[in-house]
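Coordinate analysis (summary)
Take a look at the letters that make up each chain.
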Amino acid sequence: MHDMSSLNGHARVDLARIRESLASTSGARYWRSLEELAQTEEFGAFLADEFPAIARLWERPVSRRTTLKLMAASMALAGLTACGRQPTEHIVPYTYMPEHVVPGRPRFYATSALIGGYAHGVLAESHEGRPTKLEGNPDHPATLGALDARAQASVLSLYDPDRSSGIRERGDPSGIGSLLTELGERRRAWNADGGAGLAILTGTVTSPSETAAIGHLLERWPQARWYTHEPVDRDGVHAGTRLLHGRPLEPVYHFDRAAVVLSLDADFLQSQPGFLRHARDFAARRRPRDREGDLARLYAVESTPSITGAYADHCRRLAHPRIEACARQLARAFNLGVTAPLENAARPAWMTSLAADLRQHGAQAVLVPGDQQPAAVHAIAHAINHALGCVGRTVEFIEPVSGNIASSAEEADAGSLATLTRRMHGGEVDSLIVLESNPVYTAPADLAFAEAYRQVPWRLHWGLYQDETAELSHWHVPAAHALESWADARAHDGTAGLIQPLIEPLQGGRTALQMLSAIETSAEANARELLRQHWRQRRGGLDDFEAFWRRALHDGVVPDSAATPVRTRPRADWLADLPAPAAAPSELLLQFRPDPALWDGADANNGWLQELPQPLTKITWDNAALVSPALAEARGLDTGDEIELAVDDRRVRFPVYVLPGQPRDAVTVHLGHGRERAGRIGNGVGRNAYALRSSERPWSAPVSLTATGDQHELATTQSHHSIEGRHMIRAADLATYREQPDFAHHVGEHVPAPEESLYPEPWPAEREPRHAWSMVIDLSACIGCNACVTACQAENNIPVVGADEVRRGREMHWIRIDRYFEGALDGPNMVFQPVTCMHCENAPCEYVCPVEATQHSADGLNEMIYNRCIGTRYCSQNCPYKVRVFNWFDYTSEQAKFPAPRPLNNPDVTVRAQGVMEKCTYCVQRIRSVQQRAGVEDRAVADGELQTACQQACPTQAIVFGDRMNPASQVSRLSEHPLNYAMLAELNTRPRTTYLAAVRNPNPALDEEEG
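Conventions adopted
Residues numbered from 1 in each chain as written. Predicted model: local features only at pLDDT ≥ 70, side-chain atom pairs only at ≥ 80, totals over all residues. Heavy atoms only, no water. Helix = DSSP H or I, 4+ residues; strand = E, 2+ residues; numbered from the N terminus. Polar contact = N/O pair within 3.5 Å; in protein donor to acceptor, adjacent residues only side chain to side chain. Axes fitted to C-alpha atoms, helices over the stretch in contact; angles between N-to-C directions. Left-handed = near helix turned anticlockwise from the far one by under 90°. Contact = heavy atoms within 4.5 Å. Nonpolar A, V, L, I, M, F, W, Y, C, P; charged D, E, K, R; others polar. Pairing = 2+ DSSP bridges. Core = buried A, V, L, I, M, F, W, Y, C linked by side-chain atoms within 4.5 Å. Buried < 20%, exposed > 50% of the residue type's maximum accessible area, 1.4 Å probe, protein only. Salt bridge = Lys/Arg side-chain N within 4 Å of Asp/Glu carboxyl O. Parallel < 35°, antiparallel > 145°, perpendicular 65-115°, else oblique. pLDDT = per-residue confidence, 0-100.

Before going further, it helps to spend a moment on the side chain of Asn842. In this structure, Asn842 sits in the loop between strand 32 (829-835) and strand 33 (854-856). A polar atom in the side chain of Asn842 sits 3.1 Å from the backbone oxygen of Asn988.

Listed below in structure tokens is the structure:
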């Protein structure tokens, strides 16, 4: 039966029949979902997939009454939407114009956003004193002008009305005076016993000033202890370098120098510190458009499908513990003396070819172990790096960036959350200060942290929200948002950057430095002066501190602050301390991974991140148990089935998602969901995977799986606007590209000549405008990271609609990233394809609009005139690319279910009301702004001066935008590249958005049978 589970209801997918179909297919066959393969085999229900919002009408006969209802609703929309009232706006004029502010012209300030404690340099856009958008700082080594979805979405959290709005004492509103008085009493007790019962709990702290401030507290009260809890920690990284080198070190990778990369469960393109820089550097070596020689090659061995694995030329999928066996297997090939694994995780021939490729490239190769892997994998991987001679070239080591990394294993254990919890249970802690951490929610379940926390006589929590930990605290102090704070932080390479506020704290929050100062002195202090005082002391001997300060604020980075690489060699006896290989797991394994959008759950109340489709599953507003097609077949499971996962005596229910490429003997769940005190948006969304996690096995554990017989409809976007079967994707290997550079033009159907057009003449294609704005998207560089989706949402005031609307196919994103599989179910290749409005020269949407709400501009843009649109949706039905979205309900006013904060809106872009069609505009507001500036200066717009929001955010520079009328422009050159092709060119729509076909570089000597 045809599966419509992603749209309405639930039906079973015949995986056995799909396997037979794929096995009998000759040549490449690209598909986006198992549901699509099932529908193609059954009856090709193209119409139902093309219009998902009304697909249910075709599943059963339509009655006369239903037909009349639909007609009445359509007429009501047509008659009323254009006359609807615009949202009410209240304008308060300036009584005194702030200095340097020009009304209508934004200002940009350099600052930093924190991702897992590490700094991402940003430029914050401010309109008349209110931050509206974050861009990457081109001068910051971690971003180079790009920015990820999580950092971009942090500006939405700034205006979150659910943020903590005041100091609370034992659940009741209080004030700073009462808190300081009680701190004074606690200080007298700590002075008497040296702080014997005082404990401070933080996450990863890379801030030099905060590290110094905590150091001052520990000097003053030497019996006090500093503990660290980071839900997505990097303990394996530091333990592995401690094992190999004798001290904890931080690896810094240089992918711009790498020709061959092996990822050992490392998602270095999306999650590990420095991932934006890694994506930029590595993609630059993977673009055939810019390179004459070989492309860089990527091997991946991973425990659950990731962006990095999807981008790899060769990928092996193994359950989490088997990654170590694979590393040991490879180390044997390099004769490092590592004890052999108890199993061959990968076929010997596969490992032999891999080892030969690494050895051939030597110093131009690098192994990257994953953060979630144990110390043994890190030690073995870096020992191989030393053997290859790539240390000092493709990888360097620096002192740990975080200020709370222990130098020995004993110190690391003494500063762990497990040790703190034991002391709390034993009554050894009488005062606990928790700084911007939520251990009541994120602590491993076996620690029973909440129970221990209740036993502490005095508990203080500082954070953005009154979360699960704040609820159990005696005192809660609201934290200032990063855009409200004076602070500092270090990037992955040690570079320090200053964090400056763009707005006064909206909820009266305090910065970390203010909180630490209050603990030490029982007095309030100025955050800016605390930060300046630290850097004045740190830069002792600096003659002109003000010049240094102004430059650091302007650039967003402290000059010459990057860490100096450490010269190091493996210890002579490191193998003696290497743990013995573990036996291969014989049970089904449960694997924990951070959520691609919500990460550890701290941002669960952020609607942009909740509605952002996950890169591989396209799930929104939920998390699921990812299972392989093989496990689904064996257990009789299908997407949407509810199962119960049990680890020891702990049990949690999850819906199933069948994901091609998932290891056969492992189930993966994402952290960060199932919150109880996240806020009105995040409460109750998804299932809490922390409830199954243990401190001894934080990343994988044996699990039992039981089907419950219940169903849960996931809000996914994978089957919406499906247009498969029409040769969307062009991809080939490097050898094919060299033999036939224009292979992309030999796929698909007949491309008509312009004179064969069915469109009326003359048509806009025949005009000769001054500009021809165009876009080229390089599929060889796109990694599907979703940065462009969030950038477009922030730039263009795109609303959040919620899970129910997403289930109906009514998500409002102007960009979608189609994820395609190709190959076998258990080990497919993947390709990502961003799809925006194509701005067709022969636009099918334009001549069907009865009110000319969509039409061509003088410079070839396909425009939407919102106040003309009456909501007929004819344009959407006539668009072959399915890139138009419709405001079905009121998504933007204060009465909306998920209203956007008014101060967040970009004033250069209209806020659309109910009943109008929306789509990508090529960021026309940016085009006009640059044109006006160039006109005032009496010059032409320079190539590269104009960037769309999606282009600016893209970490791999996969998106190129410019004027095709300028023959010297990059977009004009790429439009003539042999790899360039137009989607659905056979329809003669002549789109202005075109693609460069994907080219990969597999190893010809390697057996191509993966999985």
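Past the structure itself, the notes keep going.
Glancing now at the packing of helix 20 (residues 527-538) against helix 21 (residues 545-555). Axis separation between helix 20 and helix 21 bottoms out at 11 Å; the angle between their running directions is 115 degrees. Once helix 20 is placed against helix 21, the crossing between them reads as right-handed. In contact with Arg528, Leu531, Arg532, Trp535 and Arg536 of helix 20, helix 21 contributes Phe545, Glu546, Phe548 and Trp549. Residue composition of the contact of helix 20 with helix 21, by class: 5 nonpolar, no polar and 4 charged.

Turning to the sheet that holds strand 5 (residues 168-169), a few remarks are in order. The mixed open sheet is built from 7 strands, whose spatial order is 6-5-17-16-15-7-8. Looking at strand neighbours, the two that pair on one side only are strand 6 (172-173) and strand 8 (225-228), the edges of this open sheet. Inspection of the sheet shows strand 7 (residues 198-202) paired to strand 8 by 4 bridges, in the parallel sense. Each bridged residue has a counterpart across the sheet, and for Ile200 the counterpart in strand 8 is Trp226. Seen against the sheet, helix 15 (residues 417-425) touches strand 7, strand 8 and strand 15 (431-435) and runs at an angle of roughly 125 degrees to strand 8.

On to the sheet that holds strand 39 (residues 993-996). Strands sit in the order 37-30-39-38 across an open sheet of 4 strands; the sheet is mixed. The open sheet has two free edges, formed respectively by strand 37 (959-963) and strand 38 (980-981), since each of these has just one partner strand.

This part takes up the nonpolar core. Grouped together as the largest cluster of nonpolar side chains are 113 residues, with contacts concentrated most on Trp608, Tyr881, Tyr922, Met983 and Tyr995. Here this core takes 6 residues from helix 5 (residues 149-158), the largest share from any one element. Grouped together as the second largest cluster of nonpolar side chains are 64 residues, Phe255, Phe268, Ala296 and Val377 included.

To continue, consider the pattern of salt bridges. With the rule as written, the count across this model stands at 49 salt bridges. The residue Arg593 makes a salt bridge to Asp265 at a minimum N-O spacing of 3.1 Å. With Arg593 in strand 20 (residues 589-593) and Asp265 in the loop between strand 10 (260-264) and helix 9 (275-284), this pair connects stretches of sequence that are 328 residues apart. On the accessibility criterion, Asp265 (9% relative accessible area) is buried. Here Glu428 ties to Arg423 by a salt bridge, and the two come within 3.2 Å at their closest N and O atoms.

Packing of helix 6 (residues 176-193) against helix 19 (residues 512-521) leaves a shortest axis separation of 7 Å and a crossing angle of 55 degrees. Between helix 6 and helix 19, the angle is such that the two are oblique. Residues Leu179, Leu180, Leu183, Arg187 and Trp190 of helix 6 touch helix 19, and the partners they reach there are Met515, Ala518, Ile519, Glu520 and Thr521. In terms of residue class, the contact of helix 6 with helix 19 is built from 7 nonpolar, 1 polar and 2 charged.

The predicted model of the protein averages 86 in pLDDT, with 88% of residues at 70 or higher. Note that pLDDT drops below 50 for residues 40-60; the model gives that stretch 45 contacts with residues more than four away or on any other chain. Low pLDDT, under 50, characterises residues 73-92; the stretch is placed with 18 contacts to residues that sit more than four places away or in other chains.

A word on the environment of Gly104. One can find Gly104 in the loop between helix 4 (64-80) and strand 2 (107-115). For the pair Gly104 and Pro907, spaced 803 residues apart in sequence, the C-alpha separation works out to 8.0 Å.

Across the 10 residues that make up helix 9, a large majority, 8, are buried. All of the buried residues in helix 9 are Phe275, Leu276, His278, Ala279, Arg280, Asp281, Phe282 and Ala283.

This brings us to unusual backbone geometry. Backbone geometry places Ala448, a non-glycine residue, at a positive phi of 50 degrees. With respect to the element layout, Ala448 can be found in the loop between helix 16 (439-442) and helix 17 (449-454). The partly exposed category is assigned to Ala448, whose relative accessible area is 28%. One non-glycine residue, Asn797, adopts positive backbone phi at about 55 degrees. By the secondary structure assignment, Asn797 is in the loop between helix 25 (787-795) and helix 26 (803-807).

Quick look at helix 5 now. With 10 of 10 residues buried, helix 5 lies mostly within the body of the structure. Burial in helix 5 covers these residues: Ala149, Arg150, Ala151, Gln152, Ala153, Ser154, Val155, Leu156, Ser157 and Leu158. The N-capping residue of helix 5, defined by a side-chain oxygen 3.1 Å from the backbone nitrogen of Arg150, is Asp148.

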